[in-house]
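Architecture at a glance
Now for the letters of each chain:
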Amino acid sequence: MSQLSLDAAVEPNETRDALCIRVANASDVESLSIYFTGLSATTRNRRFMGARADFAVVAAECLTKTSGPDHFTLLAEFTQEGQSAIIGEALYAYDATARHGEFAISIADAFQRKGLGLQMMTAMERRASDLGHEMIAAETARANAEMRGLAKKAGFADTGLGDWQSVHLAKRLSRVP
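Residues numbered from 1 in each chain as written. Predicted model: local features only at pLDDT ≥ 70, side-chain atom pairs only at ≥ 80, totals over all residues. Heavy atoms only, no water.

**So, helix α4 (residues 116–130)**
Taking 1.5 Å per residue, 15 residues should reach 21 Å; α4 reaches 21 Å between its end C-alpha atoms and fits that length. Of all the residues in α4, the buried ones are L116, G117, Q119, M120, M121, A123, M124, E125, A128 and S129. In the stretch just after α4, G132 is the one whose phi turns positive, near 90 degrees. (Helix = DSSP H or I, 4+ residues; strand = E, 2+ residues; numbered from the N terminus. Expected span 1.5 Å × (residues − 1). Buried < 20%, exposed > 50% of the residue type's maximum accessible area, 1.4 Å probe, protein only.)

**Describing unusual backbone geometry**
At R99, a residue that is not glycine, the phi angle is positive and equals roughly 60 degrees. Checked against the element boundaries, R99 lands in the loop between β4 (83–95) and β5 (100–107). Its relative accessible area of 60% is what places R99 among the exposed residues. With a phi angle near 65 degrees, R113 is a residue other than glycine that sits in the positive phi range. A residue is classified by how much of its surface remains accessible, and R113, at 66% relative accessible area, is exposed.

**Examining the nonpolar core**
Residues L32, F36, F103, M120, M121 and M124 are the most contacted members of the largest nonpolar core, which totals 45 residues. With six residues, α4 is the largest single contributor of residues to this core. Apart from the residues lying within four places of it in its own chain, the contact partners of L32 are A59, C62, L63, L75, I86 and E89. (Core = buried A, V, L, I, M, F, W, Y, C linked by side-chain atoms within 4.5 Å. Contact = heavy atoms within 4.5 Å.)

**Points about the pairing of strand β2 (residues 18–23)**
The element β2 is extensively covered by neighbouring structure, given that five of its six residues are classed as buried. Relative to strand β3 (residues 71–80), β2 is paired through six bridges, and the arrangement is antiparallel. Residue pairing across strands places C20 opposite E77, the latter belonging to β3. (Pairing = 2+ DSSP bridges.)

**A look at the layout of surface pockets**
Looking at the largest pocket, its volume works out to about 1,000 Å³. A104, I105, S106, N144 and M147 are the residues nearest the centre of the largest pocket, which is lined by 39 residues in total. Counting residues per element, the ones that place at least two in the lining of the largest pocket are α2 (41–48), α3 (55–64), β4, β5, α4, β6 (135–141) and α5 (145–153). Top element by residues in the lining of the largest pocket is β5. It accounts for six residues. Here the lining of the largest pocket is composed, by residue class, of 18 nonpolar, ten polar and eleven charged. (1 Å grid on protein atoms, 1.4 Å probe; cavity = no way out; pocket = protein on both sides within 12 Å on 5 of 7 lines; lining within 4 Å. Points joined across faces, edges and corners; volume = space filled by probe spheres on them. Nonpolar A, V, L, I, M, F, W, Y, C, P; charged D, E, K, R; others polar.)

**Remarks on α5**
Every buried residue of α5 is accounted for by M147, L150 and A151. Summarising the axial view, the buried residues of α5 lie within an arc of 100 degrees, below the 170-degree limit, and thus occupy one face. Exposed residues lying more than 90 degrees from the buried face of α5 are K152 and K153. On its buried face, α5 sits against β5, α4, β6 and β8 (166–172). Of the residues one or two after α5, G155 is the one with positive phi, at around 95 degrees. (Arc of directions from axis to C-beta.)

**A few points about the packing of aromatic side chains**
Think of a pair of aromatic rings as described by two things: how far the centres are apart, and how the planes are tilted against each other in angle. In this structure the tally under the stated criterion is five aromatic pairs. Ring plane angle 50 degrees and centroid distance 5.6 Å describe the contact between Y35 and F36, whose orientation is recorded as tilted. A single burial state applies to Y35 and to F36, both of which are buried. Measuring from centroid to centroid gives 5.6 Å for F103 and F156, while their planes differ by 55 degrees, and the two rings are tilted. On the criterion of sequence distance, the pair formed by F103 in strand β5 and F156 in the loop between α5 and β7 (157–158) is long-range, its members being 53 residues apart. Side by side, F103 and F156 carry an identical accessibility label, which is buried. Joined through ring pairs, the aromatic side chains of Y35, F36 and F48 make up one cluster. (Phe/Tyr/Trp six-rings, centres within 6.5 Å; stacked < 30°, edge-to-face > 60°.)

Here it is in structure tokens:
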């Protein structure tokens with residue numbers, strides 16, 4: 001199982017506290033469902049681009065959609081005093097027809113604006129690049145200034161393919177030797 005340690009997103013209090021980004025697996029359904037339930041209504045609406053209430057189903061879909069080699073879900077997990085909690089997730093799927101990967105991301109409300117979103121996106125891009133993918137894209141609501149700002153920081157550009165309600169963002173990935 002792949003794990004990336006994060007040192008800048010949240011400063012742990014003691015050495016027993018840890019923050020990592022890891023690839024999700026089938027045993028994460030319940031924890032991911034709890035995570036989605038704990039998000040504010042605003043954050044859930046931004047993540048799913050609409051209201052959702054079936055979080056156990058959504059969590060299961062996030063993990064079953066990652067069964068192919070070009071699909072994965074990354075989880076940001078914070079462990080404190082032996083207790084772990086998911087504080088962020090990113091779902092990635094490669095669209096062979098469009099020849100680019102697409103993603104959706106969310107960060108728990110208490111951990112937003114601390115650099116974790118950018119680190120999640122960087123980890124997702126690195127993994128997609130390792131899979132040989134050259135382009136990554138996402139769609140967000142035009143009103144979601146936070147996501148548009150995060151995408152701009154990560155090097156994404158507005159492709160102009162959105163409509164009056166949405167913005168389509170894309171980024172060419174560079175292969176790191």
